[in-house]
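# Architecture at a glance
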Amino acid sequence: MNTEIGQLQLQLPPGFEKRAQRIGRLVGENLAHYTALPSGRIEHLQVGPVRIERHFSDSRVARQIAESIYSALHGQSFHP
């Protein structure tokens, strides 16, 4: 099954401006690892807030955001 993400809008805290593009790409890559994403079209999905710290790596930030998206899609706690 293929899942396509047409648009992903992230609102990151100040100080993440130069990291945002990479974090967005990594969120998509993290989501690609899930096999149980629902099919169909979702017009709008709001998640968060997701607690991140400036010292977190881009990979860690992206993983936490992807986990929150996955949880919101399934309406339950995160279980990969």
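For the structure, see preceding data.
Residues numbered from 1 in each chain as written. Predicted model: local features only at pLDDT ≥ 70, side-chain atom pairs only at ≥ 80, totals over all residues. Heavy atoms only, no water.

## Quick look at the nonpolar core
Worth spelling out the cut-off: We call a set of buried Ala, Val, Leu, Ile, Met, Phe, Trp, Tyr and Cys residues a nonpolar core when their side-chain atoms join them within 4.5 Å. Here the term buried applies to any residue with accessible area under 20% of the maximum for its type, exposed to any over 50%, and partly exposed to those in between, with areas from a 1.4 Å probe on protein chains only. Runs of E in the DSSP output that reach at least two residues are strands. Runs of H or I that reach at least four are helices, and both are numbered from the N terminus. Whether two residues are in contact is decided by their heavy atoms, any of which lying within 4.5 Å being enough.
Within the largest apolar cluster, 15 residues are counted, with the highest numbers of intra-cluster contacts made by Ile23, Val27, Leu31, Tyr34, Val61 and Ile65. Mapped onto this core, the elements with two or more residues apiece are helix H1 (20-32) and helix H2 (58-74). For this core, the element with the most residues is H2, which contributes 6 residues. Not counting residues up to four positions away in its chain, the partners in contact with Leu31 are Ile5, Leu37, Ala66 and Ile69.

## Considering H1
Side chains that are three or four residues apart share a direction in an α-helix, a result of its 3.6 residues per turn. Which entries qualify depends on this criterion: Multiplying one less than the number of residues by 1.5 Å gives the expected span of a helix.
End to end, H1 covers 18 Å across 13 residues, agreeing with the expected 18 Å (1.5 Å per residue, within 8%). The inward-facing, buried residues of H1 contact H2.

## Let's talk about the side chain of Asp58
Following the sequence through the fold, Asp58 ends up in helix H2. Contacts of Asp58, omitting those with residues within four sequence positions, involve Arg19, Arg22, Ile23 and Leu26.

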